[in-house]
Amino acid sequence: MGYNVTLTFDSMHDMSVWLSFDERRFLQGGAGVHRLTMALKIDARGTLPAGTPIALGGAAWLTTGSREYLGQWATESPITLYDQPSSETLLLALTDDQVAIIEQRRARNGGGFSIDLDINALLTSGMPARSFESPRRASWGPRRAAAPEPVITGWPKAHSSHGVYFTPAQWSEMLAGVNAYASLTVVAPLPALDPDASAVATHLREAVRLVTNGDAAQGVTEARRAIEALDAVFGTPDRGKRAIRDIAEINPEARTLSERVALLEHALFSLASPAAHADPNATTFQWNRERAKLVVASVAALAACRSDINQ
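Numbering of residues starts from 1 in each chain and follows the order in which that chain's sequence is written. The model is predicted, so local features are restricted to residues of pLDDT at least 70 and side-chain atom pairs to those at 80 or more, both for listing and for counting; the totals for chains, interfaces and linings are taken over all residues. Water and hydrogen atoms were dropped before computing side-chain values, which therefore reflect all heavy atoms in the structure.

Trainee: Give me the confidence of the model for the protein chain: which residues, what numbers.
Mentor: What pLDDT conveys is the predictor's confidence in a given residue, as a value from 0 to 100. Per-residue pLDDT for the protein chain averages 80, and the proportion of residues at 70 or more is 77%. Of all the helices and strands in the protein chain, strand β9 (residues 129-133) carries the lowest mean pLDDT, 49, while strand β5 (residues 68-75) carries the highest, 96. The secondary structure listing takes helices from DSSP runs of H or I that are at least 4 residues long and strands from runs of E that are at least 2 residues long, numbered from the N terminus.

Pasting the structure below:
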């Protein structure tokens, strides 16, 4: 097997470690955070003594579409070098939100995606490396011979990087294993510098927090406020009875996409209203976690849809 990365700690003394990444990759589902693991082979034969501890880690970046920070990766357990190649496991935590963003990016780039790994290595064996230099002589007073003074240069370090590509088939198979754990997350590409768009995101985050903390009705109210903030960004559509009736009377097969979205938006706005307004039926609504999640996720999807239509 060829090696992908060479880490050179001291080229003068041939202190090097070789790394290779193979196709053994897994995504283990968790409670909102998932473990992405990759197999890593390490070889330091003939350059570093067996038993030398080495620390590996660094930043991980999603590079499909643009370069976006994912977090810090590390090895699953401490590493000690051997006199033969050894296999280790690289670990990167991915949240539901990050998985959703990966899905969005790969949908725009043929189904595959890449993660770039910054690789920082640190040898932690024995005492830190030392070198010796003669002390500076004073410009005054008698000249005296002085012994060289040790200067601590620190642990030997090395740095490199490596890109890992996930094919569409490979990632789809990995995702299949987390379906029972992953929650629904919708990435809404709202204008980041628009204060009204920021308000939409603020209401949606607060809605998710409220539902997560058990306040389903208030979470739905925040989702309704997100719709109203969304109107401030893209304009308020006609939600009058006549406008909806006109669309409803059109043959379903003849309705345009915008007309169908308008019907959905009207229904969603109506569904989110009872929690915020005391209409005659409001007291009969029993908001639980699942019903509130339906409203919040739908509003987030609506925000993404209106943003896409108006781009």
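Trainee: How would you summarise the packing of helix α1 (residues 96-107) against helix α2 (residues 168-176) if you had to cite specific residues and measurements?
Mentor: Relative orientation of the contacting elements α1 and α2 amounts to 150°, with a least axis distance of 13 Å. With respect to α2, the element α1 is oriented roughly antiparallel. The chirality of how α1 crosses α2 is left-handed. Judged by residue contacts, Val-99, Ile-102, Glu-103 and Arg-106 of α1 engage Pro-168, Trp-171, Ser-172 and Leu-175 from α2. Each residue is assigned to one class: nonpolar for Ala, Val, Leu, Ile, Met, Phe, Trp, Tyr, Cys and Pro, charged for Asp, Glu, Lys and Arg, and polar for all the others, Gly among them. Of the residues assigned to the contact of α1 with α2, the class counts are five nonpolar, one polar and two charged. Here an angle of 0 to 180 degrees is reported between the N-to-C directions of two axes, which are lines fitted to C-alpha atoms, with helices fitted over the stretch in contact. Under this scheme an angle from 65 to 115 degrees is roughly perpendicular, one under 35 degrees roughly parallel, and one over 145 degrees roughly antiparallel; angles in between are oblique. The hand of a helix crossing depends on one turn: near helix anticlockwise from the far one by less than a right angle means left-handed, and clockwise means right-handed. The contact criterion used throughout is that any non-hydrogen atoms of two residues lie within 4.5 Å.

Trainee: Residues and numbers for the pattern of salt bridges, please.
Mentor: We define a salt bridge as a side-chain nitrogen of Lys or Arg found within 4 Å of a carboxyl oxygen belonging to Asp or Glu. According to the stated counting rule, one finds twelve salt bridges in the structure shown. Asp-116 is paired through a salt bridge with Arg-67; the nearest N and O atoms lie 3.6 Å apart. Taken together, the residues span a long stretch of sequence, with Asp-116 in strand β8 (residues 113-123) and Arg-67 in the loop between β4 (53-62) and β5 at a distance of 49 residues. Across the pair Glu-222 and Arg-225 runs a salt bridge whose closest N-O atoms are separated by 2.6 Å.

Trainee: Can you lay out the pairing of β8 for me, pointing to particular residues and giving the numbers?
Mentor: Bridge count between β4 and β8: seven bridges; the pairing is antiparallel. By the bridge assignment for β8, Ala-60 is matched with Leu-117. In short, DSSP must find at least two bridges between two strands for them to pair. Bridge analysis of β8 against strand β11 (residues 157-166) gives ten bridges, and the strand direction is antiparallel. Residue pairing for β11: Asp-116 is matched across the bridge by Gly-163.

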